[in-house]
Amino acid sequence: MQAPHISIERVNKVFESDCRTVAALQDISLDIPHGQFTCLLGPSGCGKSTLLNAVAGFAPPSSGAIMVDGRPVAAPGPERGMVFQEYALFPWMTVEKNVAFGLEIKGLPAAQVGATVDRLLKMLSLGDFRQRYPKDLSGGMRQRVAIARVLALDSPIMLMDEPFGALDALTRRNLQDELLRIWAGLEKTILFVTHSIEEAIYLADRIVVMTYRPGTIKRDLLVEIPRMRDPAAPAFNALKRELGMLVMEEQQRHHNDELRMAALD
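Attention here is on the structure that accompanies the text. Values in this document were obtained by computation on a predicted structure and should not be read as measured data. Position labels on residues start from 1 in each chain and follow its written sequence. Totals for whole chains, interfaces and linings use every residue, but because this is a predicted model, local features are given only for residues with pLDDT of at least 70 and side-chain atom pairs only at 80 or more, for both listing and counting. The basis for every side-chain value is the complete set of heavy atoms in the structure, and neither hydrogens nor water enter the calculation.

Let us now look at the pairing of strand β1 (residues 6–16). Of the pairings in the sheet, the one linking β1 to strand β2 (residues 21–32) comprises eight bridges and is antiparallel in character. Across the sheet, Val-11 pairs through a bridge with Ile-28, a residue of β2. Any two strands between which DSSP finds at least two bridges are classified as paired. Strands here mean DSSP runs of E at least two residues long; helices mean DSSP runs of H or I at least four residues long; both are numbered from the N terminus. Taking the residues between adjacent antiparallel strands as the criterion, β1 and β2 are bridged by four residues. Where β1 and strand β4 (residues 63–68) come together, five bridges link them in antiparallel fashion. Along β4, the bridge assignment pairs Ser-7 with Met-67.

What follows is the structure in structure tokens.
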């Protein structure tokens, strides 16, 4: 059997300050095979982004281990590309320059950089916007540029932190379809954070539902609905109801915890 692409082994994360200690993640274990599209789903405060940042190497766990292809994750690396909700583009660079930035830092020949940028701008329907600056683009276009910049580095793993959360419904669906097309064509391993149940079902091979703090794995399930998935189909809605109940339980726990803390104050 092929070894997992990403292996998360008994990961815990604790944040400490002068006032309090917060357990963000507790005993998370997860193996993600090559090429799988996995969604982390759960309410705000369940540690989804904390876990993603640990896999990215931005914030190491307090204990436990994260491995990529059997090698420990100790820092960010080129095999893991990150797409943020906030786009994270350089505002003083054009679309073309933003996409080329990582390739130029690597010192690749100008002809190779140009060919890669041309291919990605075409793939993501950005060719007519190559000389525009981020301020001149819509949110959807900015996110396309952010995805193109990650793809330019050809990272086998894409880590995505609610990348479509701030977009309108139509733009969001268009980019979801674009992402699925890219994923199917390039065989990337994707770990995708979302709080949208419908988005998770529409995109993922596998959905990992996390509990409210401390984040643990509440349910780990494979999505067996054939693609392309119709959100109006009975199977889609049955799974949506099941996941909705799981997430609502955790939201209620969050609410009850807030009431308890308010009473203590």
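Glancing now at the pairing of strand β8 (residues 189–194). In the case of a regular strand, side chains alternate between the two sheet surfaces. Within β8, six of the six residues are buried, which leaves the element mostly enclosed by the surrounding structure. Classification of residues uses two cut-offs on accessible area relative to the type maximum, computed with a 1.4 Å probe and protein chains only: under 20% is buried, over 50% is exposed, and between them is partly exposed. Going residue by residue along β8, you find Thr-189, Leu-191 and Val-193 tucked away on one face and Ile-190, Phe-192 and Thr-194 tucked away on the opposite face as well. Relative to β8, strand β3 (residues 37–41) is paired through five bridges, and the arrangement is parallel. Among the inter-strand pairings, Cys-39 is bridged to a residue of β8, identified as Phe-192. Bridge analysis of strand β7 (residues 157–161) against β8 gives five bridges, and the strand direction is parallel. Bridged to Met-158 within β8 is Ile-190. Viewed along the sheet, the connection from β7 through helix α5 (residues 169–186) into β8 turns out right-handed. Here is how to tell: hold the view so the strands point away, follow the path from the first strand over the helix to the second, and if it runs clockwise the crossover is right-handed.

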